[in-house]
Amino acid sequence: MTVEDTIRTKLTAAFAPEALSVENDSARHAGHAHLTHHLKTQGRGPADATGQSHFNVTIVADAFKGLGRVARQRLVYDALKDELAGPVHALAVKAKAPGE
Amino acid sequence: MSNPVFERIQSTIDANDVVVFMKGTQSFPQCGFSATVAKILGHLGVDFQDVNVLADPEIRNGIKEFTNWPTIPQLYVKGEFVGGCDIIREMFETGELRAFLEEKGVKLEQAA
């Protein structure tokens, strides 16, 4: 399963979202110094770049109703903490409640 | 609070109205997300303290735990965590960031 699929599966399980989009933005960052550095901190080299490191997530779910931006994004980060500690270098999040 | 790294972070956000924990410095950001936050604050004419986490591995790891937020950059205003790049960008686009900073009494210079 790709990282992208894992993100989708975990967010679906955690939030039963009304809408979910997971966009892999890794290609735009391939070979960038910061990514090379990220791999290095994990004891890996540029050849280990997976093309699965940068993602844009847009999610609409009831769970976000009445919560501020920080609380919403924390919920998303919590659901994906294993990925953030591992292969995912950057995760842009838009979390909305239905009707927003 | 007995964690020395947390104490250093706390004293930094106590001593400065606006602090950005970022990769690189405000004049030389080394990550696109950090650059975005620095650019937005610059655009609003906010004088802020930058903390380059790349130069300080203890802070780099400590700030994630301190804030309970796994990514960098992180913006603090008057000791309060406001958000990372996505949140700051969204608040800037909707005009909320300017209103929030004014409400907090942060001095904004007239944007050039």
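See above for the structure.
Residues numbered from 1 in each chain as written. Chains lettered and ligands numbered in written order. Predicted model: local features only at pLDDT ≥ 70, side-chain atom pairs only at ≥ 80, totals over all residues. Heavy atoms only, no water.

Asker: Give me the packing of aromatic side chains: which residues, what numbers.
Answerer: On inspection of all chains with the given rule, the structure shows seven aromatic pairs over all chains. Ring geometry for A:F15 versus A:F64: centroids 5.1 Å apart, planes at 35°, classification tilted. Note that A:F15 is positioned in helix α1 (residues 3–15) and A:F64 in the loop between β2 (54–60) and α3 (69–79), a separation of 49 residues in sequence. Side by side, A:F15 and A:F64 carry an identical accessibility label, which is buried. Measuring from ring centre to ring centre gives 5.5 Å for B:F6 and B:F66, while their planes differ by 85°; the resulting arrangement is edge-to-face. A residue pair is termed long-range when its members are at least 10 positions apart, and B:F6 in helix α1 (residues 4–15) and B:F66 in helix α3 (residues 57–67) qualify at 60 residues. Residue B:F6 is classed as buried on the basis of its relative accessible area, which comes to 17%. Grouping aromatic residues by their ring pairs yields a cluster made of A:Y77, B:F6, B:F21, B:F66, B:W69, B:Y76 and B:F81. (Phe/Tyr/Trp six-rings, centres within 6.5 Å; stacked < 30°, edge-to-face > 60°. Helix = DSSP H or I, 4+ residues; strand = E, 2+ residues; numbered from the N terminus. Buried < 20%, exposed > 50% of the residue type's maximum accessible area, 1.4 Å probe, protein only.)

Asker: So what about the sheet that holds strand β3 (residues 90–96) of chain A? Which residues, and what values?
Answerer: Residues and elements named next belong to chain A. Reading across from one edge, β1-β2-β3 is the order of the three strands in this open sheet, with mixed pairing throughout. At either margin of the open sheet sits one strand with a lone partner, and together these are β1 (19–24) and β3. Taken pair by pair, the neighbouring strands of this sheet meet at an average axis angle of 10°, ignoring direction. Looking at chain direction, β2 and β3 are connected through seven bridges and run parallel. What sits directly across from H54, in β3, is A90. (Pairing = 2+ DSSP bridges. Axes fitted to C-alpha atoms, helices over the stretch in contact; angles between N-to-C directions.)

Asker: So what's going on with the state of the cysteines? Which residues, and what values?
Answerer: Residue and element names in this part refer to chain B. Following the criterion strictly, the structure yields zero disulfides over all chains and no others. With no disulfide of its own, C31 lies 7.8 Å from the sulfur of C85, the closest cysteine sulfur. Its relative accessible area of 7% is what places C85 among the buried residues. (Disulfide = S-S within 2.5 Å.)

Asker: Hey, could you go over the nonpolar core for me, with residue numbers and the actual values?
Answerer: By size, the foremost hydrophobic cluster in this structure holds 54 residues, and its most contacted members are A:I7, A:V76, A:L91 and B:F21. In this view, A:I7 contacts A:V22, A:F55, A:V57, A:L80 and A:V88; residues no more than four positions away in its chain are not counted. (Core = buried A, V, L, I, M, F, W, Y, C linked by side-chain atoms within 4.5 Å. Contact = heavy atoms within 4.5 Å.)

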